[in-house]
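# Residue-level structure breakdown
What follows is the residue order along each chain.
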Amino acid sequence: MPSDSCCVFFDVDDTLYPPERGVWNQIGLRINRYLVERVGILESEAERLRQRYFLEYGTTCKGLQAEHRVDPEEYYRFVHDFPLDRYLSPDPSLKAMLAAVPAKKVIFSNADRPYIQRVLSALDVAEAFDGIIDIFATGFACKPMDAAYRIAAEKTGSPQAADCMLIDDQPRNLRTARGMGWKTVLVHSPDRDGSADHHFDSIHRVAELFR
């Protein structure tokens, strides 16, 4: 893949940092609280419903929009309302890796921009990225929906699938990208099911693809 025409799309949670940091677990707890406190779901049903929405709709928020007409801005404010600095800190190795990738680098996430910016700031890598495609930018089309990838490519001026690369921790997100002709890299996941062209146990190794 020629670096001068390549756009590398990075997921955020459990991709820019390892799952062991515990951020996604905290988000899951906040989502369950939202279901109970704001939607009125029984506490015993919250986890099951969260997982169903995630699997059926791509994100819990999209499921809540479809079935409960929640306000997405209010939802994201609630579920991301916790101190990130307890879980994330500046990562010089990540910053060096990103600097070594000679291509356009864009965040492509099912989260919202304010939260994404907080994560990038906590890791001290905000300046490494050329843009952010969040859930609002795609009109709530989310990974792994085909439409989300098409919108992300259009917004970054990358009309050719062969010029796009996705780095993600979710095999299902990578399967869609690969099916559309994107290059794919799975990180921080033991699930080597053929969904990705490359697999790394750490995000810090991604620059090896460009050497």
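Placed above this text is the structure.
For the structure given in this document, a descriptive report is provided here. Treat the numbers as computed from the prediction; the structure is a model and nothing was measured. (Residues numbered from 1 in each chain as written. Predicted model: local features only at pLDDT ≥ 70, side-chain atom pairs only at ≥ 80, totals over all residues. Heavy atoms only, no water.)

### Quick notes on the overall build of the protein chain
Scanning the protein chain from N- to C-terminus turns up eight helices and six strands. Each helix (α) and strand (β) of the protein chain, taken in turn from the N terminus, gives the series β-α-α-α-α-α-β-α-β-α-β-α-β-β. Rg of the C-alpha trace for the protein chain: 17 Å, near the compact-globule value of 17 Å for 211 residues, within the 12% margin. Overall, the protein chain is about 50 × 35 × 30 Å in size when its C-alpha atoms are taken along their principal axes. Across the 211 residues that make up the protein chain, the buried fraction comes to 52%. Carbon and sulfur atoms make up 47% of the accessible area of the protein chain, which amounts to about 9900 Å² in all. Measuring between centres, the 26 positive side-chain charges of the protein chain sit 1 Å from its 32 negative side-chain charges. (Helix = DSSP H or I, 4+ residues; strand = E, 2+ residues; numbered from the N terminus. Rg over C-alpha atoms; globule rule 2.2 N^0.38 Å. Buried < 20%, exposed > 50% of the residue type's maximum accessible area, 1.4 Å probe, protein only. Areas by Shrake-Rupley, 256 points an atom, 1.4 Å probe, with all protein chains shown as cover. Lys, Arg positive; Asp, Glu negative; His and termini not counted. Charge placed at Lys NZ, Arg CZ, Asp CG, Glu CD.)

### Digging into the packing of helix α1 (residues 23–39) against helix α4 (residues 72–79)
Orientation of α1 relative to α4, taken along the N-to-C sense of each, is 130 degrees, at an axis distance of 8 Å. Taken as axis vectors, α1 and α4 run oblique relative to one another. In the packing of α1 onto α4, the handedness of the crossing is right-handed. Residue-level inspection shows Ile 27, Arg 30, Ile 31, Arg 33, Tyr 34, Glu 37 and Arg 38 of α1 in contact with α4, the latter providing Glu 74, Tyr 75, Phe 78 and Val 79. The residue inventory of the contact of α1 with α4, partitioned by class, reads six nonpolar, no polar and five charged. (Axes fitted to C-alpha atoms, helices over the stretch in contact; angles between N-to-C directions. Parallel < 35°, antiparallel > 145°, perpendicular 65-115°, else oblique. Left-handed = near helix turned anticlockwise from the far one by under 90°. Contact = heavy atoms within 4.5 Å. Nonpolar A, V, L, I, M, F, W, Y, C, P; charged D, E, K, R; others polar.)

### A short note on the pairing of strand β1 (residues 7–10)
Residue alternation in β1 divides its side chains into two sets, Cys 7 and Phe 9 and Val 8 and Phe 10, and both sets are buried. As defined by bridge partners, β1 adjoins strand β2 (residues 104–108) across four bridges and the pair is classed as parallel. For Val 8, the partnering residue across the bridge sits in β2 and is Lys 105. Here β1 runs beside strand β4 (residues 164–168); their pairing, made up of four bridges, is parallel. Pairing of Phe 10 across the sheet is with Ile 167, part of β4. (Pairing = 2+ DSSP bridges.)

### Comments concerning the nonpolar core
If you look at the biggest cluster of nonpolar residues, it comprises 53 residues, and the most contacted ones within it are Val 8, Phe 10, Leu 16, Met 97, Ile 107 and Ile 167. Here this core takes six residues from helix α6 (residues 113–123), the largest share from any one element. If sequence neighbours within four positions are ignored, Val 8 has contacts with Val 101, Ala 103, Lys 104, Lys 105, Val 106, Met 165, Ile 167 and Phe 210. (Core = buried A, V, L, I, M, F, W, Y, C linked by side-chain atoms within 4.5 Å.)

### A closer look at the packing of helix α2 (residues 43–57) against helix α3 (residues 60–68)
Where α2 meets α3, the axes come as close as 7 Å, and the angle between the chain directions of the two elements is 95 degrees. Classed by the angle they form, the pair α2 and α3 counts as roughly perpendicular. Across the interface between the two elements, Arg 50, Arg 52, Tyr 53, Phe 54 and Tyr 57 from α2 touch Thr 60, Lys 62, Gly 63, Leu 64, Ala 66, Glu 67 and His 68 from α3. Residues belonging to the contact of α2 with α3 are distributed by class as follows: five nonpolar, three polar and four charged.

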